[in-house]
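Observations on the three-dimensional arrangement
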Amino acid sequence: MDPIGLVAGSGRFPVLFARAAAAAGRGVVAVGHEGETDPELERSVARFAWVKLGQLGRIAEALRQGGCSEAVLCGGLRKVRLFDLRPDWLGVKVLAGLRSFGDDAALRAIAAALEGQGVRVVSPLPLVPELLAPAGPLGQGRFTDEQRADAEVGFGVARSLGALDVGQTVVVKRGVVLAVEAIEGTDACIARGGALAVGAVVVKAFKPQQDARFDVPAVGPETIAAMQAARCAALAIEAGKAVVLDRNAFVSAADRAGIAVEGV
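Here's what I pulled together on the structure shown here. (Residues numbered from 1 in each chain as written. Predicted model: local features only at pLDDT ≥ 70, side-chain atom pairs only at ≥ 80, totals over all residues. Heavy atoms only, no water.)

Next up on the list: the sheet that holds strand 11 (residues 234-237). Strand pairing within a sheet occurs via backbone hydrogen bonds; the two strands may be parallel or antiparallel. Across the sheet, six strands lie side by side as 6-13-11-9-7-8; this open sheet has mixed pairing. One side of each edge strand has no neighbouring strand; the edge strands of this open sheet are strand 6 (136-137) and strand 8 (176-180). Against the sheet, helix 6 (residues 186-194) touches strand 7 (169-173), strand 8 and strand 9 (201-204), its axis set at about 145° to strand 8. (Pairing = 2+ DSSP bridges. Helix = DSSP H or I, 4+ residues; strand = E, 2+ residues; numbered from the N terminus. Contact = heavy atoms within 4.5 Å. Axes fitted to C-alpha atoms, helices over the stretch in contact; angles between N-to-C directions.)

Looking now at the packing of aromatic side chains. Applying the stated criterion across every chain, the model contains one aromatic pair. Between F48 and W50 the ring centres are 4.8 Å apart and the planes differ by 75°, which places this aromatic pair in the edge-to-face class. Take W50: its relative accessible area is 30%, and that puts it in the partly exposed class. (Phe/Tyr/Trp six-rings, centres within 6.5 Å; stacked < 30°, edge-to-face > 60°. Buried < 20%, exposed > 50% of the residue type's maximum accessible area, 1.4 Å probe, protein only.)

We now examine the pairing of strand 11. Burial of the side chains of strand 11 extends over both faces: A234 and A236 are buried on one face and L235 and I237 on the other. Of the strand pairs in this sheet, strand 9 and strand 11 are connected by four bridges, and their pairing is parallel. By the bridge assignment, K204 is partnered in strand 11 with I237.

What describes two packed helices is the angle between their axes and the distance between those same axes. At a closest axis distance of 8 Å, the pairing of helix 7 (residues 221-229) and helix 8 (residues 247-257) adopts a crossing angle of 15°. Looking at the two axes, helix 7 sits roughly parallel to helix 8. At the point where helix 7 passes helix 8, the crossing takes the right-handed sense. Here P221, I224 and Q228 of helix 7 lie close against helix 8, whose contacting residues are A249, F250, A253, A254 and A257. Looking at the contact of helix 7 with helix 8, its residues break down into seven nonpolar, one polar and no charged. (Parallel < 35°, antiparallel > 145°, perpendicular 65-115°, else oblique. Left-handed = near helix turned anticlockwise from the far one by under 90°. Nonpolar A, V, L, I, M, F, W, Y, C, P; charged D, E, K, R; others polar.)

Within the secondary structure, D88 sits in the loop between strand 4 (70-74) and helix 3 (89-97). An unpaired buried charge is present at D88: no salt bridge exists, and R58, the closest side chain of opposite charge, is 7.6 Å distant. At 3.0 Å, the side chain of D88 and the backbone nitrogen of G91 are in polar contact. With residues near it in sequence (within four places) discarded, D88 still touches G54, Q55, L56, G57 and R58. (Lys, Arg positive; Asp, Glu negative; His and termini not counted. Salt bridge = Lys/Arg side-chain N within 4 Å of Asp/Glu carboxyl O. Polar contact = N/O pair within 3.5 Å; in protein donor to acceptor, adjacent residues only side chain to side chain.)

Moving on, we get to helix 3. Residues of helix 3 that are buried: L90, G91 and V94. Down the axis of helix 3, the buried set is contained in an arc of 100°. They therefore lie on one face. Structural note: helix 3 exposes W89, K93 and A96 on the side pointing more than 90 degrees away from its buried face. (Arc of directions from axis to C-beta.)

Below is the structure:
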């Protein structure tokens, strides 16, 4: 099979995808973003190149040189880095055409630009089905009736935010929305919400218009660490849509922290 390209952001998702693709017999040609991508990825792929944020032409060139006709986008980028772009010619072209800097709009534009350079962007999920959140509890914890009601409130708010291409995470306590995610990212949103009330519920939701090719909601051990530090009590994610990274470590961390996790 032809190699698959991997445009990598931060976190564990790119590394886990690369390993799964290799296990499935797909060679991986990866492009990592300086200051964002885990250097471990370079040791997990057949071919690797570093780029600066905004160098879309360089990304397309690296993927084509690696023989890739299709690629996936894995891992987030810190949104504050949007103010520190170093675009090349293709990056400038994409930026000039953007009407919004929201995640969905920007990622669709990036995908369209790469496809215009001969690299089709596809979903990473078919190669990593084991990462998708199952329905029901993950670990020993169980939601209380109050937490379940808070999760329902959180999902409603998160979907409204998602429809505006704002964020995916909401923190709720007794029906009161304590924090919503914007440019600061999930962990900072959790910290803000947790600072206002002990025992809050965190919800991470799929945007109504979200393209499954990119920016899939993801949680992992770092999410549990952020919740524990913020004294949050429960985490609700969408079954079959959210990605759970390093699941064994994630569940163990949740159990040790006494945090209930459920795929809804």
